[in-house]
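# Notes for the structure review
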There are 6 protein chains.
Amino acid sequence: MKRIDGRAAAEARPVNITRDYLPFAEGSVLFEAGETRVICSATVEEKVPGWLRGSGQGWVTAEYSMLPRATESRTTREVVAGRPKGRTSEIQRLIGRSLRSVVDLDQLGEVQIILDCDVINADGGTRTASISGAFIALHDALTKLKAAGRLSGDWPLTGFVAAISVGILDGISCLDLNYKEDSQADVDMNVVMNSDGELIEIQGTAERGSFGRSALDELLDLGEQGITDLIAMQQSILG
Amino acid sequence: MKRIDGRAAAEARPVNITRDYLPFAEGSVLFEAGETRVICSATVEEKVPGWLRGSGQGWVTAEYSMLPRATESRTTREVVAGRPKGRTSEIQRLIGRSLRSVVDLDQLGEVQIILDCDVINADGGTRTASISGAFIALHDALTKLKAAGRLSGDWPLTGFVAAISVGILDGISCLDLNYKEDSQADVDMNVVMNSDGELIEIQGTAERGSFGRSALDELLDLGEQGITDLIAMQQSILG
Amino acid sequence: MKRIDGRAAAEARPVNITRDYLPFAEGSVLFEAGETRVICSATVEEKVPGWLRGSGQGWVTAEYSMLPRATESRTTREVVAGRPKGRTSEIQRLIGRSLRSVVDLDQLGEVQIILDCDVINADGGTRTASISGAFIALHDALTKLKAAGRLSGDWPLTGFVAAISVGILDGISCLDLNYKEDSQADVDMNVVMNSDGELIEIQGTAERGSFGRSALDELLDLGEQGITDLIAMQQSILG
Amino acid sequence: MKRIDGRAAAEARPVNITRDYLPFAEGSVLFEAGETRVICSATVEEKVPGWLRGSGQGWVTAEYSMLPRATESRTTREVVAGRPKGRTSEIQRLIGRSLRSVVDLDQLGEVQIILDCDVINADGGTRTASISGAFIALHDALTKLKAAGRLSGDWPLTGFVAAISVGILDGISCLDLNYKEDSQADVDMNVVMNSDGELIEIQGTAERGSFGRSALDELLDLGEQGITDLIAMQQSILG
Amino acid sequence: MKRIDGRAAAEARPVNITRDYLPFAEGSVLFEAGETRVICSATVEEKVPGWLRGSGQGWVTAEYSMLPRATESRTTREVVAGRPKGRTSEIQRLIGRSLRSVVDLDQLGEVQIILDCDVINADGGTRTASISGAFIALHDALTKLKAAGRLSGDWPLTGFVAAISVGILDGISCLDLNYKEDSQADVDMNVVMNSDGELIEIQGTAERGSFGRSALDELLDLGEQGITDLIAMQQSILG
Amino acid sequence: MKRIDGRAAAEARPVNITRDYLPFAEGSVLFEAGETRVICSATVEEKVPGWLRGSGQGWVTAEYSMLPRATESRTTREVVAGRPKGRTSEIQRLIGRSLRSVVDLDQLGEVQIILDCDVINADGGTRTASISGAFIALHDALTKLKAAGRLSGDWPLTGFVAAISVGILDGISCLDLNYKEDSQADVDMNVVMNSDGELIEIQGTAERGSFGRSALDELLDLGEQGITDLIAMQQSILG
């Protein structure tokens, strides 16, 4: 069986990573997976959210947005409605949790790092691309902080983290769905894992029908394989 | 090992369901699981969202909110900030998707059913209680629609749906976490299943550290057992 | 003459008060008057509004909301529009003023008490039920503050306060209108009185036509009688 | 006893009415009561609110606002917070109800009249000045509609309406409080009456302490006298 | 050629300035240019925006609004939409920049002056009238500050500032367009100048077609002449 | 004299234009001027704003935004405040007016074209880059509309349009200021011209001091030269 774009079921799209994409950000990449393109940047701020002030602990958070014409038909800017959509909040929270899972916030010290993930073009998998790309921006920002002697503790990263989507299409488990596949999938799952091969987050939804435990296992096998490749790529880039 | 409230690891809290709790709603229940109390109501509206007009298809959606003192310290009303919190949107979307998974929207006809889930007291598991309770409100509303001859097609429900939380506490997998447990858990997972014993949605998060595949399996076993009991209760109530 | 629900013109609906309705709030009741049901809770906060900081004086304020299906047809949540309706603001301000009329804010000390009045079911008289019920929640919260030695002064309550609605229906003055009566009344009045039998607030509106001074007197007589009964009930409950 | 500004207790401030104050509005006045100055304008719109479409009935509504420096210290514009304050909503609703009490909405036909009351300077009694002034703007707008043959029915006004404030200051009942008096009053009441000498609306609040029935009567006597004078002035101006 | 209202091309409308128009503001004028009427008031606040705190420097800013019936057909209040329109922001920023151009913010000391420009009637040129009028309100407020010994430095005004509109109508350059002319003009330009005869701001727009450099020169000649007259008037009033 | 980045006073930054930058938009470019990078896309919508419905006329409008880390220190997303900043509205209006100046809206037919200008990196001149780039996106979208036979009239473009900034730095007139220059300039001006060498819009501001007519002329000479080069580049690209 061949997929819409000719890939095999277990084949992820080619990934391209351009580091230092933005001149001003403390860390930034253009992360491309097939036609999906996301700019991830890391901003270091000296002040933490209110509930952490005086705690000696830092924070990592994320924001996510799409350009209006990242999508096939134009998406209205969220500022027009005056509030982020539910989908946006959900994705922002997922990216933030995923990145915090590999950060020792005590080692970070009272510093906040904001990871901005802006989707230039959306062809499926934008939230998982955001996680995989934001990790590199975060790593680069922390390296600069360390070099500048501004980290209060040791190196705060405890591992690498990446994410990928998997899904069931016409009864077949597929890795890294593009937009067309995603909109036709019966089951759609996002998997986040770290460099120990352990799960950080799993979100699976039956868009049509339902799925059993063995289907879940098959999907997780695929996801694990895709994430292993992504983390290898992160490691080779970051040295 | 005994849990904070004396339960065994695989023991869910006692559930109490009061049907027809609100006089005006087309369907309504007070759903109680331990100290968690949610009022679920179903409203039938003759008009569907814009993208379904003229399609002959119906829609099921959900809204979720908490009373300010459902929580240990008072939570500011969302209207004060002028927008729902990210957490709220995320939960509303989850409840809506879960309920739609057992509704044949074509059989429903051009009718929208809104499931309002208002948390009177929050002691953990409010989103899963909302799903389990909203199903009963939905069932009752559809029964009234059918009796009134207002369903364009056959019976639109294709099964039952319920949900429960599971998590890992001090290395032990537990069913149906209360608030105190939830805030100390290393892994926290919400499971939604239907009456065929199949998964509809699974959302698992490592709040601290990470988790492997075998831990995931253990959690799903627990969840499946809890949901089976809940669906049995729904079936016995709804006849 | 018999009213829609069989009551006499001067007869109020049966009142039912469930104390300590919410486990977390410092004070809380479920206040029921006929089919009207309101959850009133009192929250004690250590910080006062900006204009009182450093004054040694406390504050009492109220918030009011209705569940979407408290009403015959569903009412959209206010957070959807992003702002409270004019009616809500008006009611919140009335409840706050009424409760402050029996509190010596200097005796309270720099503490704010928020009275949340959430209408579970709305069958007329929700704002007056909120006042009568919120007083009990406030009393219970203050009793706890006193017991904990957290009151800077003496007992801050200077009396009891309760409220009821009255109105003219087909030329006849009636006590405690339900929703159906309220929507047909020519004159509609809310009366707030204290345990000295004195007026705190009076808001009367001719919904159709106008009304003379003698009609006003008749309505006030009825209101006074209803409030006397409510305060007696408060006193018997609170000891 | 003399009041702050030398008036007797039963003496209202001098009123000055400038008709046709704005060149574009269908009706407009500058209404001055002492130092309180309000611009009232009437706008006729061919479309009614949704719930009246097709009913053959019209609508009268009001909006109220204050210039930032109408007040002693500058008041932030409501648009900065993004929503009207509770006080504004309350006043707008009062003005609208009061004016509608003298309009036969069936005679008006499907037309909406918006009464904009903009306070240029606020020295107490701005809501009652708005009502008394808006009536003249409304009358002038209706006269133009009639002259243009655009009224579907007969003359829609069923009477005149005016309003004034009364209050208790140091135990003495006073008519038409200015800002300084208003902020020191123990009881503060707004009275709206029509040209039949009947009550349309009464809103009385004990700002400090409480008040008995005889005090209420005394205040209403004063209010009645003040409104009688205002309506005489309206009648002499409008011919 | 005669213009719609009989003026010559180079003739501005008659200007009328009423000082101390509002009793509470530190400085205020009613500025009338033909039928255009703007109330400008200056408020002195002891606190500056965050970025200036501790700098020893002051700030001057402006807000602009129109009454709903300042315009031929009613304009919805901005608070209804919950945010100022783009046009309003643009005008507010222009007024603020123009006034700051003649203020030495270091001499002002850590004080903020807010210039509120509220348009009572809009017949073209409301933003330029706001600038010319706000200068007088600002001057009066500063005079009071100086008299009270509250200016930390010397006199902070470095000159006078005024503004006027110019435009091309049927190929002819005209001074001070009224609303009707403005809506038919091919080119529309606002010019702000100081008492040294130098430009502070110039904003020219081709509403239809385009314009060459010589047309621009002609318009600037007209604007310069109009502003010279306005500044002479300001100087004669302020002594 | 050499400028910060080594350019001569009359030298613009190198421009790079990548056409068809986004796969989904009807027209799109990445427009780079030095370090300033803007993605401009054109979206064709079949529906026009309300006031044009049924007029047979089309509309062209623009939206403008910056990625949070387009700037040296991170800029908060506008959706967080719930409304666009004044600066954004001002720029959007300028881009829209400029592009409409070369479109015959009657030839366009009842179609709306939205030009989204998203700044990826901001090093000065983002609004003028948006105009120059949006023209190309617009041209490409119209070419597609024409090819598809969807234009109701003839070719709706009446010319080319481009824009550039000029300013006075240390007394010297400079072309195309970068961010550092812009923040130190005494006078800052944006010039928009068409392919007939005529002015469409001119916005000049004295950020410090003021400027005379001869300085204005010098700046306009520079701007004209820069725009001539930009339009030549547009013409060579678009053939």
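In the block above lies the structure referred to throughout.
Keep in mind it's a predicted model, so treat the numbers as computed, not measured. (Residues numbered from 1 in each chain as written. Chains lettered and ligands numbered in written order. Predicted model: local features only at pLDDT ≥ 70, side-chain atom pairs only at ≥ 80, totals over all residues. Heavy atoms only, no water.)

### Re the overall build of chain A
Across its full length, chain A holds 6 helices and 9 strands. At 18 Å, chain A has a C-alpha radius of gyration in line with the 18 Å of a compact globule built from 239 residues. For the C-alpha atoms alone, the extent of chain A along its principal axes is close to 55 × 40 × 30 Å. Burial status across chain A gives 61% buried among its 239 residues. Taking as baseline every contact in chain A between residues at least 6 positions apart, the subset at least 24 positions apart corresponds to 69%. Surface summary for chain A: the accessible area is close to 8800 Å², and the carbon and sulfur share equals 47%. (Helix = DSSP H or I, 4+ residues; strand = E, 2+ residues; numbered from the N terminus. Rg over C-alpha atoms; globule rule 2.2 N^0.38 Å. Buried < 20%, exposed > 50% of the residue type's maximum accessible area, 1.4 Å probe, protein only. Contact = heavy atoms within 4.5 Å. Areas by Shrake-Rupley, 256 points an atom, 1.4 Å probe, with all protein chains shown as cover.)

### Concerning the pattern of salt bridges
Per the counting criterion, the structure on display carries 114 salt bridges over all chains. Between E63(D) and R77(E) there is a salt bridge, with the nearest N and O atoms lying 2.8 Å from each other. You can see E63(D) sitting in strand β4 (residues 59-66) and its partner R77(E) sitting in the loop between β4 (59-66) and α1 (78-81), one on each of two chains. The pair E63(D) / R77(E) is uniform in exposure class, with both members buried. Each of R3(A), D5(A), R7(A), R13(A), D123(A), D176(A) and E181(A) takes part in salt bridges that share partners, so that together they form one network. (Salt bridge = Lys/Arg side-chain N within 4 Å of Asp/Glu carboxyl O.)

### So, the relation of the copies chain A and chain F
Mapping chain A onto chain F calls for a rotation angle of 180° and an axial translation of 0.0 Å; the resulting RMSD is 0.0 Å. On the angle and the small slide along the axis, the relation comes out as a two-fold axis. Most of the interface of chain A is mirrored in chain F, where 97% of its interface residues are also at the interface. (Least-squares fit on C-alpha atoms with pLDDT ≥ 70 in both.)

### A look at the sheet that holds strand β5 (residues 112-121) of chain F
All names here are of chain F. In spatial order, the strands read β1-β2-β3-β5-β4; together these 5 strands make up an open sheet with mixed pairing. Looking at the sheet topology across the chains shown, the edges are occupied by β1 (15-19) and β4 (59-66). Within this sheet the neighbouring strands show an average axis-to-axis angle of 20°, counted without direction. Here 7 bridges tie strand β2 (residues 27-33) to strand β3 (residues 36-45), and the two strands are oriented antiparallel to one another. Bridged to G27 within β3 is A42. Seen against the sheet, helix α2 (residues 86-100) touches β4 and β5 and runs at an angle of roughly 145° to β4. Its contacts with the sheet put helix α6 (residues 213-238) on β1 and β2, and the angle it makes with β1 is roughly 30°. (Pairing = 2+ DSSP bridges. Axes fitted to C-alpha atoms, helices over the stretch in contact; angles between N-to-C directions.)

### Quick word on the packing of aromatic side chains
Counted by the stated rule, this structure contains 12 aromatic pairs over all chains. Between W51(A) and W59(A) the ring centres are 5.2 Å apart and the planes differ by 80°, which places this aromatic pair in the edge-to-face class. The exposure class of W59(A) is buried, given its relative accessible area of 18%. For the cation-ring pair, R37(C) lies above Y21(B), with the distance from its terminal atom to the ring centre recorded as 5.1 Å. (Phe/Tyr/Trp six-rings, centres within 6.5 Å; stacked < 30°, edge-to-face > 60°. Lys NZ or Arg CZ within 6 Å of the ring centre and 35° of its normal.)

### Remarks on the interface of chain D and chain E
The figure often quoted for interface size is the accessible area lost as the parts come together. Residue-level contacts link 34 residues of chain D with 35 residues of chain E. Between chain D and chain E, a total of about 2900 Å² is buried, with carbon and sulfur atoms accounting for 54% of that surface. Inspection of the chain D/chain E interface yields 12 salt bridges. As a salt-bridge pair, R74(E) and D116(D) come within 2.6 Å of each other at their nearest N and O atoms. Summed over the shared surface of chain D and chain E, the number is 19 residue pairs in polar contact (both at pLDDT 80 or more). Elements represented by at least two residues in the side of chain D that touches chain E include exactly β3 (36-45), β4, α1 (78-81) and β5 (112-121) of chain D. Ranked by residue count, the leading element in the side of chain D that touches chain E is β5(D), at 6 residues. The residue makeup of the side of chain D that touches chain E, split by class, is 16 nonpolar, 6 polar and 12 charged. (Buried area = accessible area lost by both parts, 1.4 Å probe. Polar contact = N/O pair within 3.5 Å; in protein donor to acceptor, adjacent residues only side chain to side chain. Nonpolar A, V, L, I, M, F, W, Y, C, P; charged D, E, K, R; others polar.)

### Looking at the packing of helix α4 (residues 126-147) of chain D against helix α6 (residues 213-238) of chain D
All names here are of chain D. Contact geometry of α4 with α6 gives a least axis separation of 11 Å together with a crossing angle of 25°. Comparing the axis directions of α4 and α6 gives the class roughly parallel. Here α4 runs over α6; the crossing is right-handed. Judged by residue contacts, S132, F135, I136, H139 and D140 of α4 engage L230, Q234 and L238 from α6. The class makeup of the residues in the contact of α4 with α6 is 4 nonpolar, 3 polar and 1 charged. (Parallel < 35°, antiparallel > 145°, perpendicular 65-115°, else oblique. Left-handed = near helix turned anticlockwise from the far one by under 90°.)

### Observations regarding the relation of the copies chain D and chain E
Once turned by 180° and shifted 0.0 Å along the axis, chain D lies on chain E with an RMSD of 0.0 Å. With an isologous cut-off of 70% or more, the 100% of interface residues of chain D that recur at the interface of chain E puts this contact in the isologous class.

### Let's talk about helix α2 (residues 86-100) of chain C
Taking 1.5 Å as the rise per residue, α2(C) with 15 residues should run 21 Å; its terminal C-alpha atoms sit 21 Å apart, in good agreement. Among the residues of α2(C), G86(C), T88(C), S89(C), E90(C), I91(C), Q92(C), L94(C), I95(C), G96(C), R97(C), S98(C) and L99(C) are the ones counted as buried. (Expected span 1.5 Å × (residues − 1).)

### Observations concerning the interface of chain A and chain F
On the chain F side, the residues contacting the 35 residues of chain A number 34 residues. Carbon and sulfur atoms make up 54% of the area that chain A and chain F hide from each other, which totals about 2900 Å². It is F24(A), R69(A) and R74(A) that lose the most area in chain A upon contact with chain F, and together they represent 27% of the buried surface on that side. In this assembly, chain A and chain F are joined by 12 salt bridges. Inspection of the region where chain A meets chain F yields 18 residue pairs in polar contact (both at pLDDT 80 or more). Within the residue set of the side of chain A that touches chain F, elements represented by two or more residues are β3 (36-45), β4 (59-66), α1 (78-81) and β5 (112-121) of chain A. With 6 residues, β5(A) is the largest single contributor of residues to the side of chain A that touches chain F. The residue inventory of the side of chain A that touches chain F, partitioned by class, reads 17 nonpolar, 6 polar and 12 charged.

### Focus on the sheet that holds strand β2 (residues 27-33) of chain D
Residue and element names in this part refer to chain D. Read from one edge to the other, the open sheet built from 5 strands follows the order β1-β2-β3-β5-β4, with strand pairing classed as mixed. Only two strands of the sheet have a single neighbouring strand rather than two, namely β1 (15-19) and β4. Pairs of neighbouring strands in the sheet enclose a mean axial angle of 20°, with direction left out of account. Each of β4 and β5 touches helix α2 (residues 86-100); the most contacted strand, β4, lies at about 145° to it. Against the sheet, α4 makes contact with β1, β2, β3, β4 and β5, and its axis sits at roughly 35° relative to β3, the strand it touches most.

### Let's talk about the environment of V102(C)
Residues and elements named next belong to chain C. The topology assignment puts V102 in the loop between α2 and α3 (105-108). Here the alpha-carbon distance between V102 and S195, two residues 93 residues apart in the chain, equals 9.4 Å. Ignoring sequence-local partners within four residues, the contact set of V102 consists of F135, P156, L157, T158, G159, F160, V161 and N194.

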